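Chain residues, written in single-letter form:
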Amino acid sequence: MADSAPSTSPRDQRWRAADVLVAAIGFGLLAGVVEAVAAKVRSGIMHRSLYMGPELIWQLPLADGLVFLAVGLLWVIVGVVWTRVRSPKAVIGGFGGLAAFAALLLSDKLHVAAEALLAVGLGVALARVLSSRAGGLRRTLWVGVPAGLALVAAVGLGQAALRRSAERRAIAELPVAGRGRPNILLLVLDTVRAWNLGIYGYGRGTTPNLAQWATQGALFQRALAGAPWTTLSHAVMFTGRYPTELSVGWRTPFDGAYPTLADGLRAAGYLTAGFAGNYLNIGSGTGLSRGFVHYEDYPSKPIPFLRRSTLILRLLSIDRLAELIGRRRMIQEVPAVRLNDRFLAWVDSHPDRPWFGFLNYFEAHGPYLPPAPFDTMYIGKPDTAVDRYWQNLQTAYGRRLPATVQELADNLDAYDGAIRYLDGQVDALLRSLSDRGQLSNTIVVVTSDHGEMFGEHELIGHGNNLFLP
């Protein structure tokens, strides 16, 4: 008697490589939609700070889609030698479990190991339910994924167009400003303390350019920050209110209960624009973009963009992986030179109206990584300070740490180099404004949002104290 024919049921078939990749993208888009909905719930209902802008509604699905696609490519490579992983059950279970893991990572109540176990269980359950319908699911994915990508692109393009339209409308609705009103430029050197400025008598010449500019204005000898961390301190500067009057907390944004400086100047006919170097802590998700007609914060470069994905964010928190990729790429900043270029381009595009410009420079914030040659101006090896910063500070931020004198000295050297770099960037910006004929009618305020500790009172960093150094 002849042997019976092998089973060819849908659950036993092997999907093609293209099918696997489409499935990966589809589950990634789904995971991103879940993340976007969760973010909107946290923001709109729970009133939590978001470290992303309104673009999250298309950026999260796209970021997760790209992450899942990368996993799908690895899946296909493995499937060349182990074809079993291309079975519908394996594909559905694998990517379904990964999507579940991405959703579970949104919770900070569970240990990551527990989230992983739950995700495995959910993936297995999903595979059991859907593998018998694998043919229909595959056809749905081939239709749904292109449609989903088209929708993501349409939302992104539409949102950008609406933003430009809203900005043009806001400019058109500005009242007429009084003749001769001066421009106002607010420059915040994030994390720069007065003790390390040559202009205040520091032993190193960290601010030779600011010292020259100060001869043309007023130098305040005693200026105290409203709070020891970025978001709240900026909210104090913008509103003129005490920290206890504001809604801003570690996880709560500015609620707009009080008008901001940008609100007042906008009502007076000023064009208002903000450029956030420390976009994580003063991006639009913190509520600090209120009153600005134009606000630039979250960059669209590859790593910052992919960091929108919870999976990537958690992976990059693994110290060894961050070291492998390169710690310099982990810094969530917009470089000072780019801020200057973007601001000057904005000024050039609006020559006929007084403006209020706000720039926040990040380089002096840990891990203190200015570009060459400032990275080695006071320290021999540029990466020494950043490695020790992450090892001793990032893992236990705000605690008393057993840092050595050499480690503290390395960090302080790198910090001084960053300040010297910022001194040059401020000088370059002011000279560019002068060349444009804009500086003579501009009030310039250079300040900081808070300082930094390098072992004083046995503390490192900021946000953990109200001491003077």
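Look above for the structure.
A quick note: this is a predicted structure, and the numbers were derived from the prediction, not measured. (Residues numbered from 1 in each chain as written. Predicted model: local features only at pLDDT ≥ 70, side-chain atom pairs only at ≥ 80, totals over all residues. Heavy atoms only, no water.)

Caption draft 1: Representation of the overall build of the chain. In terms of regular secondary structure, the chain is built from 15 helices and seven strands. Referenced to the eigenvectors of the C-alpha coordinate spread, the extents of the chain come out at roughly 105 × 60 × 40 Å. Residue pairs at least 24 apart in sequence account for 74% of intrachain contacts in the chain once pairs closer than 6 positions are excluded. Carbon and sulfur atoms make up 61% of the accessible area of the chain, which amounts to about 23200 Å² in all. For the chain, the distance from the average position of its 45 positive side-chain charges to the average position of its 37 negative side-chain charges is 9 Å. (Helix = DSSP H or I, 4+ residues; strand = E, 2+ residues; numbered from the N terminus. Contact = heavy atoms within 4.5 Å. Areas by Shrake-Rupley, 256 points an atom, 1.4 Å probe, with all protein chains shown as cover. Lys, Arg positive; Asp, Glu negative; His and termini not counted. Charge placed at Lys NZ, Arg CZ, Asp CG, Glu CD.)

Caption draft 2: Up close: the pairing of strand 2 (residues 271-276). For strand 2, the tally of buried residues reaches six of six residues, placing the bulk of the element in the interior. Where burial is concerned, the two faces of strand 2 agree: the one with Leu271, Ala273 and Phe275 and the one with Thr272, Gly274 and Ala276 are both buried. Two elements, strand 2 and strand 4 (residues 355-361), share six bridges in a ladder whose sense is parallel. Bridge pairing in strand 4 links Phe275 to Leu359. (Buried < 20%, exposed > 50% of the residue type's maximum accessible area, 1.4 Å probe, protein only. Pairing = 2+ DSSP bridges.)

Caption draft 3: The packing of aromatic side chains, seen in detail. Applying the stated criterion to the full structure yields 18 aromatic pairs. Plain terms: the ring middles of Trp229 and Trp250 are 4.1 Å apart, the flat faces sit at 25 degrees to each other, and that makes the pair stacked. You can see Trp229 sitting in the loop between helix 6 (208-214) and helix 7 (230-239) and its partner Trp250 sitting in the loop between helix 7 and helix 8 (261-267), a full 21 residues away along the chain. Here the aromatic rings of Phe238 and Phe292 are separated by 6.0 Å at their centres, their planes lie at 65 degrees, and the arrangement is edge-to-face. Highlighted residues: Phe238 in helix 7 and Phe292 in the loop between helix 9 (279-282) and strand 3 (294-296), separated in sequence by 54 residues. Residue Phe238 is classed as buried on the basis of its relative accessible area of 5%. (Phe/Tyr/Trp six-rings, centres within 6.5 Å; stacked < 30°, edge-to-face > 60°.)

Caption draft 4: Representation of the environment of Tyr295 in the model. For Tyr295, the position within the fold is in strand 3. Residues Tyr295 and Leu137 lie 158 residues apart in sequence; the distance between their C-alpha atoms is 43 Å. Ignoring sequence-local partners within four residues, the contact set of Tyr295 consists of Arg163, Gly274, Ala276, Ile282, Gly283, Ser284, Leu288, Ser289 and Phe358. Polar side-chain contacts of Tyr295 include one of 2.7 Å to the backbone oxygen of Ile282. (Polar contact = N/O pair within 3.5 Å; in protein donor to acceptor, adjacent residues only side chain to side chain.)

Caption draft 5: Inspection of the sheet that holds strand 3 at higher detail. Strand order in this open sheet of five strands is 3-2-4-1-5, and the pairing throughout is parallel. The strands lining the two open edges of the sheet, one partner per strand, are strand 3 and strand 5 (442-447). Strand after strand, the sheet turns through a mean of 10 degrees between neighbouring axes, direction not considered. Along the sheet, helix 13 (residues 336-348) contacts strand 1 (183-189), strand 2, strand 3 and strand 4; its crossing angle with strand 4, the most-contacted strand, is approximately 170 degrees. In the packing of helix 15 (residues 405-435) onto the sheet, contacts are made with strand 1, strand 4 and strand 5, and the angle to strand 1 comes to roughly 170 degrees. (Axes fitted to C-alpha atoms, helices over the stretch in contact; angles between N-to-C directions.)

Caption draft 6: View of the environment of Thr286. Turning to its location among the elements, Thr286 is positioned in the loop between helix 9 and strand 3. If we ignore the near neighbours within four places in the chain, the residues touching Thr286 are Leu50, Thr231, Pro253, Phe254, Leu280 and Asn281.

Caption draft 7: Layout of the environment of Leu219. If you trace the backbone, Leu219 turns up in the loop between helix 6 and helix 7. Residue class for Leu219 comes out partly exposed when judged on its relative accessible area of 33%. For the pair Leu219 and Tyr200, spaced 19 residues apart in the sequence, the C-alpha separation amounts to 9.3 Å. Leave out the neighbours within four places in its chain, and Leu219 touches Ile199 and Tyr200.

Caption draft 8: Fine view of the pairing of strand 1. Among the seven residues of strand 1, seven are classified as buried, and the element is accordingly described as predominantly covered. On strand 1, burial covers both faces: Asn183, Leu185, Leu187 and Leu189 on one face and Ile184, Leu186 and Val188 on the other are all buried. Where strand 1 meets strand 5, six bridges bridge the pair, whose relative direction is parallel. When the bridges of strand 5 are listed, Asn183 appears paired with Thr442. Here strand 1 runs beside strand 4; their pairing, made up of six bridges, is parallel. Opposite Leu186, over in strand 4, you have Phe358 as the bridge partner.

As far as function goes, none of this settles anything; it's purely spatial.
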